[in-house]
Protein chains: 2
Amino acid sequence: MMNWDPAVIAIERHPKAAKKIMAAPPLILCGGFLLLILIGTLLLKLPMATTQPISWLHSVFTATSAVTVTGLVVQDTGTVFTTFGQVVIALLIQCGGLGLMTFAIVTLVALGGRIGFLQRTVAIEAFNQTDASTIVSTAKSVLLFSLIVEVIGMLILAVHWSDTLGWKTSLFHGFFYTISAFNNAGFALSSASLMPYVADPVVNLTISGLFIIGGLGFSVWIDLIKNRRWARLSPYSKMMITGTIIINLVALLAIYFIEYSNPKTLGPLSETGKWLASWFQAVTPRTAGFNTLAIEELRDATTALMLVLMFIGGGSLSTASGIKVVTFMLLVLATYAYLRRDDEVNVFKREIPKEVISKALALSMISIGVTWLAIFVLLISEKHAQMIDVVFEAVSALGTVGLSRGLTGSLSNTGEGIIIFLMFIGRLGPLTLAYFLASPRSKKVRYPKVKMTVG
Amino acid sequence: MMNWDPAVIAIERHPKAAKKIMAAPPLILCGGFLLLILIGTLLLKLPMATTQPISWLHSVFTATSAVTVTGLVVQDTGTVFTTFGQVVIALLIQCGGLGLMTFAIVTLVALGGRIGFLQRTVAIEAFNQTDASTIVSTAKSVLLFSLIVEVIGMLILAVHWSDTLGWKTSLFHGFFYTISAFNNAGFALSSASLMPYVADPVVNLTISGLFIIGGLGFSVWIDLIKNRRWARLSPYSKMMITGTIIINLVALLAIYFIEYSNPKTLGPLSETGKWLASWFQAVTPRTAGFNTLAIEELRDATTALMLVLMFIGGGSLSTASGIKVVTFMLLVLATYAYLRRDDEVNVFKREIPKEVISKALALSMISIGVTWLAIFVLLISEKHAQMIDVVFEAVSALGTVGLSRGLTGSLSNTGEGIIIFLMFIGRLGPLTLAYFLASPRSKKVRYPKVKMTVG
Ligand SMILES: [K+]
Ligand SMILES: [K+]
């Protein structure tokens, strides 16, 4: 979560005003996202945005998918949308991914206004920052860093594609795919996603590099840029980096061995191709959402693995969603400590406070509950679909991942509405939930404690 | 889990001895179960136990399924096993369900020996009892109460079936089904389980009554018998009773409405039959394991609901498994408190201590992790099965439920071995886990605490 000092301490002194102000940040975030989706819907419904008329529902769906950086599509981005439409989608992605908040703060700074108390609270929320005073400089660093990374990614892809696509198209593809990858959006200009590039090392490594950097989280990068040496990094950064490496390696090996002989996925590829495709499918579920293999052809064990990866997601303070890598690491560490019967949970020679563990457990539990509920509702609305396809679609939408076993295009109207809602709460839910978990208010009546049987 | 005073306090004074003794109870429980399974395997492999030779693997499977009161079967209990074999299965169920520990303690008491410290610790473990001194009388009450309930159930069923089966067979069926139901084992004398009795109110209500009583947990019944009035019941009993009623009603209504028009389940039944079948399918997943509808024909939403019900299970200190109703209730209450931003979790005007909530969260998280791992391994071993059938089978085995979508009979040898293992850890895991969670040992080195981002 975050440490709310000093902002919280300040408002704790005015308990009556506190309640009102404390409820505001999630509402402001929510309103900002809704506004973006509204603008996106209107722009995408313009005749000049599409090559053929699309329904309002499909327009809302596409705008929501872009703003929440999910990447599920009901209309093929490459053929149904014009270049104008594609630029709108890219901009919605950039706004939704890099975040409403960065823009709001930078705009305020640019206008010369001081950041007010309320805006600062919102920003703390959005950036998961532990110190309110560094918000402005953090916002600037985030933007600068992001733009540098995006320009580099765009140039690599544009140069690589220029031979086959010509410089104009390759530059646009570079622009679109870079924004889509860095923001973990997963929108592609072809209905086959990146499957044509399954064995292309440049595309595989550039795109996965972009979404891994975007998904690591800005705080880690700022930490890396400032401190340079491993020993000086914060325990959070160390856990995030270690966790990312471990999860990616485990997933890489698992997919390589499970799919090795699958004639519909890795089977026909060369050894290099097999490793590249395993790598890409290992890293994409933690919320990038591109794919270079046909997701519906993967073996069931790989599918089960992908469901977990989609649920975990990326880093806090990043363009990725999910319960987050460090939350997952905390669960693993806490379990290990419990099974060893240790009283404390330690990592990198630091003790993790009990309330942090409790928050990680609570957040995960609530996410699991919401995910189950989403699956249940979607199973009722999509009676005729395969159960696993529905489960996959719901988890993908809630984790704002964008991978699909092919259900998206054939969803019922109700189902489409449900997925829109899931993408929205998938993107805003963790932030809001984190906010609630971070700011308990105490009760008037305290009851006596009671012993209780568990398990 | 439980309060270990005074036993734990005693051993905490001798930290060196503590480690050795504290490791013992799970080992003893484990050893007892393994011994029972071994005896069962040998008895069921006898030529007089079966009408046709069965393999050692099937013999181990059946014995494990009976001792762990799961009810998954690879050989039809009604036709492959002789009356002798069926009696062996019933006795294995009674021993595994009512518990090795009751017998061990009662035997010790009958032999006139005093219960030693170690046995008492084991018993605390097995009975989840908060006070070591009441173990012996509790064990006696448990046995007496169980036998009374079983005799009543047996007589009702025997009388009801005597018209069609004749008194001898109906008495045996009454004996077998009562033991199987009260111990939440779900073994039936027909491969169609209780489907022929789908609209028979006596069978439906007697059997479901038996397994609900068995699954409520003895502590609740002792509390009810002793205190009689709601206001005097312990918060645990109140939560268990309220939770059971709420979960059963929600499941009843959900199944009734989801399956109402399903031609392969509720469709052809009368209105009374629909309600009876909805009721039975609503209560059986929380670990009884009988069925009166074809499980594989249920709609996907019902299947998703059943998976959760199987995961929840019954009451602590009962013949049921799973994470337990009160653990689930604690999760719901804690979530509600978090979302309301309450600092304390209250129930029935009592505050639930934070460490109890943490344990509930940890136990659930670990159970979810183990369940996922079980599914993953089984998906690899059963490549050609439907994914949902494999998921259902794994959850059913781990929750020692015994419901199946039909996979059990066609499992590979590896798969059969995995299910045997899952049933075993499904029955002993929660106890052992509870034990570990209940008895933390403190560490030598304490590291400084660190702030950490979650979510
Ligand atoms: K995505
Ligand atoms: K059972």
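Residues numbered from 1 in each chain as written. Chains lettered and ligands numbered in written order. Predicted model: local features only at pLDDT ≥ 70, side-chain atom pairs only at ≥ 80, totals over all residues. Heavy atoms only, no water.

K.L.:
Got a minute to help me understand the overall build of chain A in this structure?
P.N.:
Scanning chain A from terminus to terminus reveals 18 helices and two strands. Within chain A, the proportion of its 455 residues that are buried is 59%. On chain A, roughly 17,800 Å² of surface is accessible, and the fraction owed to carbon and sulfur atoms is 68%. (Helix = DSSP H or I, 4+ residues; strand = E, 2+ residues; numbered from the N terminus. Buried < 20%, exposed > 50% of the residue type's maximum accessible area, 1.4 Å probe, protein only. Areas by Shrake-Rupley, 256 points an atom, 1.4 Å probe, with all protein chains shown as cover.)

K.L.:
I keep staring at the coordination of the potassium ion (ligand 2) and nothing clicks. Help me out?
P.N.:
Expected angles at a metal are 109.5 degrees for tetrahedral coordination by four donors and either 90 or 180 degrees for octahedral coordination by six donors. All names here are of chain B. Looking at the metal site, the potassium ion (ligand 2) is ligated by Val 69 (O), Thr 70 (O), Asn 184 (O), Thr 287 (O), Ala 288 (O), Thr 400 (O) and Val 401 (O), spaced 2.5 to 3.0 Å from it. All donors of the potassium ion (ligand 2) belong to a single chain; written as a sequence motif, their spacing is V-T-x113-N-x102-T-A-x111-T-V. Placement of the pair is Val 69 in the loop between α3 (56-67) and α4 (77-80) and Ala 288 in the loop between α13 (271-283) and α14 (300-312), with a sequence separation of 219 residues. (Donors = N, O, S within 2.8 Å, 3.2 Å for Na, K, Ca; no water.)

K.L.:
Any chance you could explain the packing of aromatic side chains here in plain terms?
P.N.:
Between two aromatic rings, the relevant description is the distance of the centres plus the angle of the planes. For the coordinates displayed, the defined rule picks out 24 aromatic pairs over all chains. Between the aromatic rings of Phe 176 of chain A and Tyr 177 of chain A, the centroid separation amounts to 6.1 Å while the plane-to-plane angle is 85°, which identifies the pairing as edge-to-face. For Tyr 177 of chain A, a relative accessible area of 3% corresponds to the buried category. Relative to Tyr 197 of chain B, the ring of Trp 161 of chain B lies with its centre 5.4 Å away and its plane at 45°, an arrangement referred to as tilted. Of this pair, Trp 161 of chain B sits in helix α8 (residues 135-165) while Tyr 197 of chain B sits in the loop between α9 (167-182) and α10 (201-216), and the two are 36 residues apart along the sequence. Assessed through its relative accessible area of 2%, Trp 161 of chain B is described here as buried. One aromatic cluster in this structure is built from Trp 161, Phe 172, Phe 175, Phe 176, Tyr 177, Tyr 197 and Phe 290 of chain A. Sitting over the ring of Trp 56 of chain B, Lys 45 of chain B keeps its end group 5.1 Å from the ring centre. Lying across the ring of Tyr 260 of chain B, Lys 274 of chain B places its NZ or CZ 4.7 Å from the centre. (Phe/Tyr/Trp six-rings, centres within 6.5 Å; stacked < 30°, edge-to-face > 60°. Lys NZ or Arg CZ within 6 Å of the ring centre and 35° of its normal.)

K.L.:
What's the story with the confidence of the model for chain A in this structure? I'm lost.
P.N.:
A low pLDDT means the predicted coordinates there should not be read in detail. Residue and element names in this part refer to chain A. Predicted confidence across chain A gives a mean pLDDT of 80, with 79% of residues reaching 70 or more. Mean pLDDT across the secondary structure elements of chain A bottoms out at helix α1 (residues 7-12), with 32, and peaks at helix α14 (residues 300-312), with 94. Confidence over residues 1-23 falls short of pLDDT 50; this stretch has 40 contacts with residues more than four positions distant or in other chains. For the stretch residues 107-130, pLDDT sits under 50, and the model shows 56 contacts to residues farther than four places along the chain or on other chains. (pLDDT = per-residue confidence, 0-100. Contact = heavy atoms within 4.5 Å.)

K.L.:
Looking at this model, I keep getting lost on the coordination of the potassium ion (ligand 1). Mind explaining?
P.N.:
All names here are of chain A. Every protein donor of the potassium ion (ligand 1) is accounted for by Val 69 (O), Thr 70 (O), Asn 184 (O), Ala 185 (O), Thr 287 (O), Ala 288 (O), Thr 400 (O) and Val 401 (O), and the metal-donor separations fall at 2.5 to 3.2 Å. Taken in sequence order, the residues that donate to the potassium ion (ligand 1) follow the motif V-T-x113-N-A-x101-T-A-x111-T-V. One end of the pair, Thr 70, is in the loop between α3 (56-67) and α4 (77-80); the other, Ala 185, is in the loop between α9 (167-182) and α10 (201-216), with 115 residues separating them in the sequence. Ala 185 carries the same exposure label as Thr 70, and that label is buried.

K.L.:
Can you walk me through the nonpolar core in this structure?
P.N.:
Across soluble globular proteins, you tend to see nonpolar side chains buried next to one another. Grouped together as the largest cluster of nonpolar side chains are 196 residues, with contacts concentrated most on Ile 419 of chain A together with Tyr 177, Ile 207, Phe 290 and Ile 419 of chain B. If sequence neighbours within four positions are ignored, Ile 419 of chain A has contacts with Phe 61, Leu 72, Leu 378, Glu 393, Ala 397 and Leu 411 of chain A. With 46 residues, the next largest nonpolar core counts Ala 66, Tyr 177, Ala 188 and Phe 280 of chain A among its residues. (Core = buried A, V, L, I, M, F, W, Y, C linked by side-chain atoms within 4.5 Å.)

K.L.:
Sorry if this is basic, but what is going on with helix α11 (residues 218-227) of chain B here?
P.N.:
Count 3.6 residues to each turn of an α-helix, and residues three or four apart come out pointing the same way. All buried positions along α11 of chain B are accounted for by Phe 218, Val 220, Trp 221 and Asp 223 of chain B. Remark: Arg 228 of chain B follows α11 of chain B within two positions and exhibits a positive phi of approximately 60°.

K.L.:
Where do I start with the packing of helix α12 (residues 235-259) of chain A against helix α15 (residues 325-339) of chain A in this structure?
P.N.:
Axis angle and axis distance: for two packed helices, these are the angle between their axes and the distance between the axes, and together they describe the pair. All names here are of chain A. Here α12 crosses α15 at 85°, and the two axes come no closer than 9 Å. By the angle between their directions, the pair α12 and α15 is classed as roughly perpendicular. Here Tyr 236, Met 239, Met 240, Gly 243, Thr 244 and Ile 247 of α12 lie close against α15, whose contacting residues are Val 325, Val 326, Phe 328, Met 329, Leu 330 and Leu 333. Among the residues making up the contact of α12 with α15, the classes are represented as 10 nonpolar, two polar and no charged. (Axes fitted to C-alpha atoms, helices over the stretch in contact; angles between N-to-C directions. Parallel < 35°, antiparallel > 145°, perpendicular 65-115°, else oblique. Nonpolar A, V, L, I, M, F, W, Y, C, P; charged D, E, K, R; others polar.)

K.L.:
Quick question: what am I supposed to make of a nonpolar patch on the surface here?
P.N.:
All names here are of chain B. On the surface, Leu 35, Leu 38, Ile 39, Leu 42, Leu 43, Leu 46, Met 48, Trp 56 and Phe 84 cluster together to form a nonpolar patch covering roughly 820 Å² of accessible area. In terms of residue count, the dominant contributor to the nonpolar patch is helix α2 (residues 15-45) (five residues). Within the element layout of this structure, Leu 42 appears in helix α2. Taking the relative accessible area as the measure of exposure, Leu 42 reaches 46% and is therefore partly exposed. (Patch = residues over 30% accessible without salt bridge, like charges linked within 9 Å, V, L, I, M, F, W, Y side chains within 5 Å. Salt bridge = Lys/Arg side-chain N within 4 Å of Asp/Glu carboxyl O.)

K.L.:
Explain unusual backbone geometry here, please?
P.N.:
Across residues other than glycine, the phi torsion is negative in most instances, and most of the peptide bonds are trans. Here Thr 400 of chain A, not a glycine, exhibits a phi torsion of approximately 45°, which is positive. Phi at Val 69 of chain B takes a positive value of approximately 45°, unusual for a residue other than glycine.

K.L.:
Which parts of the structure should I look at to understand the environment of Ala 304 of chain A?
P.N.:
Following the sequence through the fold, Ala 304 of chain A ends up in helix α14. Among the residues examined, Ala 304 of chain A registers a relative accessible area of 5% and is labelled buried. Separated by 88 residues in the primary sequence, Ala 304 of chain A and Phe 392 of chain A place their C-alpha atoms 9.2 Å from one another. In this view, Ala 304 of chain A contacts Trp 372, Phe 376, Leu 379 and Met 387 of chain B; residues no more than four positions away in its chain are not counted.

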